Amino acid sequence: MTRKLHLNLFLMPRGHHEAAWRHPASTKRALTDIELYAEAARIAEAAKFDAVFLADTLVAPNNGGLVATGALEPFTLLSALAARTERIGLIGTASTTYSLPYTLARQFASLDNISNGRAGWNIVTSWAPQAGLNYGLEADVEHGERYRIAEEFVEAVDALWRSYPSHAVLDDRDGGRYLDPSLVRPIAYEGRHYRTRGPLNVPAGPQGRPVYVQAGQSDTGRAFAARWAEAIFTAHLTKESARTFYADVKGRAAAYGRRPEDIVILPGLSAAIGSTMREAEQVWEELDALTSTEIGLSRLSARFGGHDFSGVPLDRPLRRGDFPDPERVEASKSRAIGYVETALNEGLTLRKLLQRLAGARGHFTATGTPEQVADIIEDWLVSGAADGFNVMPPILYSQFELFAAEVVPILRRRGLFREDYEGTTLRAHFGLSPVREDAPLAHSA
């Protein structure tokens with residue numbers, strides 16, 4: 001039987017390219033207009049996508065007003081989208097570094113109930129520089145410590161979601177019993193970073209708990225994903241890199257007694273689509289012409305912990321000495337390593353690297369007709385590089401409408417993508433096993 005693809009919409013307000021907000025084909029709706037997001041979600045749901053995926057950041061923009069910023073907070077937005085959609089999954093990003101387990105557990109349990117079982121949590125450790133200052137810390141938390149905190153945080157949240165199972169609610173009017181209190185139990189979680197007594201005060205949703213999604217790519221991040229993640233959003237500039245990651249993470253998961261099919265790996269894909277190759281190439285050319293070198297340098301600097309690239313010539317091929325050691329990067333180490341390897345292997349100039357990153361920020365970019373884009377998707381699926389993709393349209397809505405109307409039908413004709421939803425929950429869309437309520441609780445070492 002042909003393996004079926006999974007497709008998420010990575011929803012950026014005007015499109016994934018940083019200059020999309022200036023392109024005449026992008027939506028003119030305000031970034032705070034719920035209908036901007038609702039229309040994109042409706043297009044994705046009509047195409048039977050698995051989920052809508054929302055990123056998040058915990059710092060204000062520092063871009064001189066040259067990039068469209070100020071999108072809505074994920075929990076509020078996804079709750080609104082739950083009322084405007086019926087079947088599509090709703091994945092929101094929330095930090096383990098700057099949140100509290102009890103608060104986050106309540107929020108996601110509420111979202112899973114509101115959406116009738118469509119919630120997913122994208123677990124991140126917040127690499128953004130200066131995020132700590134917004135939460136009363138004098139410095140950002142270093143990379144390794146962020147993941148130690150994350151292990152405890154997820155253990156606590158996982159226990160909280162099981163502390164109040166949905167079947168504890170009896171709602172027995174005649175018998176006068178609303179709840180079976182014997183099924184609602186404190187968890188008394190104690191770690192080095194977090195303590196929470198529990199139980200939660202919101203019952204579990206239809207999925208038992210939201211789907212665990214994760215996006216780390218460092219060695220520490222992969223170990224974390226192998227233990228916890230059910231869907232992984234990953235960034236790769238080449239198919240070879242994606243295949244290596246795919247085999248590594250699924251192999252590591254076996255050490256935790258997990259089945260490979262219980263982890264869905266979804267690289268990012270930003271595709272410029274046209275009726276001809278030349279028409280598709282023009283999409284990137286038009287967007288690149290609208291980009292700001294200043295913003296590109298600022299973004300690159302942030303990925304490398306504040307390194308100053310302004311002294312590097314824009315139009316000479318990059319050298320290793322133009323970069324700081326990516327192994328020493330505390331922000332987003334795996335992404336920094338990928339940038340260096342790609343620039344050196346492909347002989348990119350700084351200008352070309354900035355244009356590449358403006359389009360997809362280290363994710364794979366494709367260019368071509370709907371048939372050619374479908375060929376790439378099928379190739380990655382069958383060669384063990386992906387279970388599907390987080391689709392990142394460079395322009396919203398025009399390029400996403402083309403993907404939904406032209407690429408998805410080709411994938412269906414090839415037997416690679418669903419004709420309709422077969423379940424009602426995000427867990428069902430991803431083909432994941434049900435949550436085991438009797439599984440032993442994890443406890444931090």
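Our structure's up above, just so we're on the same page.
Residues numbered from 1 in each chain as written. Predicted model: local features only at pLDDT ≥ 70, side-chain atom pairs only at ≥ 80, totals over all residues. Heavy atoms only, no water.

**Structural notes on the packing of helix H11 (residues 370-382) against helix H12 (residues 398-413)**
The condition is simple: As a rule, the C-alpha atoms of each element are fitted with a line to give its axis, helices using only the stretch in contact, and angles between N-to-C directions run from 0 to 180 degrees. Put simply, DSSP H or I for four residues or longer makes a helix, DSSP E for two residues or longer makes a strand, and each gets a number counted from the N terminus. Orientation is classified from the angle alone, with under 35 degrees giving roughly parallel, over 145 giving roughly antiparallel, 65 to 115 giving roughly perpendicular, and any other angle giving oblique. A clockwise turn of the near helix away from the far one marks a right-handed crossing, whereas an anticlockwise turn of less than a right angle marks a left-handed crossing. By definition, residues are in contact when any of their heavy atoms lie within 4.5 Å. Gly is placed with the polar residues, together with every amino acid not listed as nonpolar (Ala, Val, Leu, Ile, Met, Phe, Trp, Tyr, Cys and Pro) or charged (Asp, Glu, Lys and Arg).
Running from N to C, H11 and H12 point in directions that differ by 55°, and their axes come no closer than 9 Å. On the basis of their axis angle, the class for H11 and H12 is oblique. Between H11 and H12 lies a crossing whose hand is right-handed. Where H11 abuts H12, its residues Pro 370, Glu 371, Val 373, Ala 374 and Ile 377 lie against Phe 403, Glu 406, Val 407, Ile 410 and Leu 411. The class makeup of the residues in the contact of H11 with H12 is eight nonpolar, no polar and two charged.

**Some words on the pattern of salt bridges**
Short version of the rule: The salt bridge criterion pairs a side-chain nitrogen of Lys or Arg with a carboxyl oxygen of Asp or Glu, the two atoms within 4 Å. The classification of residues rests on relative accessible area computed with a 1.4 Å probe and restricted to protein chains. Under 20% of the type maximum is buried, over 50% is exposed, and intermediate values are partly exposed.
For the structure on display, the rule yields 32 salt bridges. A salt bridge links Asp 387 to Arg 3; its shortest N-O distance comes to 2.6 Å. Pair noted here: Asp 387 is in the loop between H11 and strand E13 (388-391) and Arg 3 is in the segment before strand E1 (6-10), with a separation of 384 residues, a long-range link. Asp 387 gets classed as buried once you look at its relative accessible area, which sits at 7%. Close ionic contact of Arg 42 with Glu 39 constitutes a salt bridge, the shortest N to O distance being 3.4 Å. Linking Arg 42 with Glu 39, this pair stays in helix H1 (residues 34-46), spanning three residues, or about one helical turn. Since its relative accessible area comes to 33%, Arg 42 is described here as partly exposed. Judged by relative accessible area, Glu 39 falls into the partly exposed class, the value being 28%. Through salt bridges that share partners, Asp 158, Arg 162, Arg 209, Glu 230 and Arg 427 make up one connected network.

**Comments concerning the side chain of Arg 412**
Heads up, the condition is: For this count, His and the chain ends are skipped, Lys and Arg are scored as positive, and Asp and Glu as negative. Here a polar contact is taken to be a pair of N or O atoms separated by no more than 3.5 Å, where protein atoms must pair a possible hydrogen donor with a possible acceptor and residues adjacent in sequence count only if both atoms sit in side chains.
Relative to the assigned elements, Arg 412 resides in helix H12. Nearest to the buried, unbridged Arg 412 among oppositely charged side chains is Glu 419, at 4.1 Å. Side-chain polar atoms of Arg 412 contact the backbone oxygen of Arg 418, separated by 2.6 Å.

**Quick look at helix H7 (residues 277-289)**
At 3.6 residues per turn, the α-helix brings residues three or four places apart onto the same side. Filter applied, for reference: Take the number of residues in a helix, subtract one, and multiply by 1.5 Å to get its expected span. Arc definition: it is the arc formed by the directions from the helix axis to the C-beta atoms.
Spanning 13 residues, H7 covers 19 Å between terminal C-alpha atoms, matching the ideal 18 Å at 1.5 Å per step. Of the residues making up H7, those classed as buried are Ala 280, Val 283, Trp 284 and Leu 287. Viewed end-on, H7 has its buried residues packed into an arc of 85°, placing them on one side of the element. Where H7 is buried, its residues touch strand E11 (264-273), helix H10 (350-360), strand E12 (364-368) and H12.

**So, the packing of aromatic side chains**
To keep it simple, the criterion reads: When two rings of Phe, Tyr or Trp (its six-membered ring) have centres within 6.5 Å they constitute a pair, described as stacked for plane angles under 30 degrees, edge-to-face for angles over 60, and tilted for the intermediate range.
Enumeration according to the criterion identifies 23 aromatic pairs in this entry. Summarising the aromatic geometry, the rings of Phe 10 and Phe 233 are spaced 5.3 Å apart at their centres and angled 75° between planes, so their arrangement reads as edge-to-face. Taken together, the residues span a long stretch of sequence, with Phe 10 in strand E1 and Phe 233 in strand E10 (residues 231-234) at a distance of 223 residues. In this structure Phe 233 comes out as buried when scored by relative accessible area, which is 8%. Ring geometry for Phe 49 and Phe 400: centres 5.4 Å apart, planes at 90°, overall edge-to-face. Placement of Phe 49 in the loop between H1 and strand E2 (51-54) and of Phe 400 in helix H12 is noted, with a sequence separation of 351 residues between them. By the burial criterion, Phe 49 is buried, and Phe 400 matches it. Members of the aromatic cluster, joined through ring pairs, are Phe 75, Phe 108, Trp 121, Phe 153, Trp 161, Tyr 194, Tyr 212 and Trp 228.

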